[in-house]
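Architecture and fold: a report
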Amino acid sequence: DQQVKQNSPSLSVQEGRISILNCDYTNSMFDYFLWYKKYPAEGPTFLISISSIKDKNEDGRFTVFLNKSAKHLSLHIVPSQPGDSAVYFCAASARNNDKIIFGKGTRLHILP
Amino acid sequence: EAGVVQSPRYKIIEKKQPVAFWCNPISGHNTLYWYLQNLGQGPELLIRYENEEAVDDSQLPKDRFSAERLKGVDSTLKIQPAELGDSAVYLCASSLDAGELFFGEGSRLTVL
């Protein structure tokens, strides 16, 4: 049973446009959400996070939106750059047990 | 500051052979994780340590997998005997007080 779902295996976006990566979760106990970015042959690196007490968190070109009622979050990258081409993992945890559950990832291709 | 260090980066063995992976976390990080990542999947937790104590090993296949973190610093993950289905990337991560995870580059295992 996948508790964190990334239903789009891949996404292609023109350079300069907005990239929107989506994530759904099923466990209502999750209260902390993270996005990780992974290049080939490297480990995932932390990108941005959001607590359930917020509905938006922004860091430069990256913004994460959280819709608790829909159990949905999204990562917006604007403007998209060639270096953003990578696999993006959505992850979630319930603070009372600190176990972080990852989605399967979405491969983002930024087209020139 | 040095990141999470893992070795070896790559390992090829025949089935039924033993294999061991080593991880040195970021200095001062008390929480250490071993994750398994299969192709096209997100990282899946195998075991989590708080200092030298394994606080979550529910996903570790204990018939063939073992792990230790004797002095609460570096850790080893062992598989004996390895099976074909164990071919994957084994990721180590560390965090301070179960906060943001910092991943190593991973150890890619191929079982022939």
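Attention in this report is confined to the structure presented alongside it. (Residues numbered from 1 in each chain as written. Chains lettered and ligands numbered in written order. Predicted model: local features only at pLDDT ≥ 70, side-chain atom pairs only at ≥ 80, totals over all residues. Heavy atoms only, no water.)

1. A look at the overall build of chain A
A tally of helices and strands in chain A yields zero helices and 11 strands. Starting at the N terminus, the α and β elements of chain A follow one another as β-β-β-β-β-β-β-β-β-β-β. At 13 Å, chain A has a C-alpha radius of gyration in line with the 13 Å of a compact globule built from 112 residues. Looking at chain A as a whole, 46% of its 112 residues qualify as buried. Pairs at least 24 residues apart make up 54% of the contacts formed inside chain A by residues separated by at least 6 positions. Surface summary for chain A: the accessible area is close to 5,500 Å², and the carbon and sulfur share equals 48%. (Helix = DSSP H or I, 4+ residues; strand = E, 2+ residues; numbered from the N terminus. Rg over C-alpha atoms; globule rule 2.2 N^0.38 Å. Buried < 20%, exposed > 50% of the residue type's maximum accessible area, 1.4 Å probe, protein only. Contact = heavy atoms within 4.5 Å. Areas by Shrake-Rupley, 256 points an atom, 1.4 Å probe, with all protein chains shown as cover.)

2. With respect to the interface of chain B and chain A
With 20 residues of chain B in contact, the opposing surface of chain A contributes 15 residues. Summing the contributions of chain B and of chain A, the shared interface buries around 1,500 Å²; its carbon and sulfur component is 55%. When residues of chain B are sorted by the area they lose upon contact with chain A, Pro43, Glu100 and Phe103 of chain B head the list and together hold 27% of the total. Counting every contact that joins chain B to chain A gives one salt bridge. Lys99 of chain A is paired through a salt bridge with Asp56 of chain B; the nearest N and O atoms lie 3.8 Å apart. (Buried area = accessible area lost by both parts, 1.4 Å probe. Salt bridge = Lys/Arg side-chain N within 4 Å of Asp/Glu carboxyl O.)

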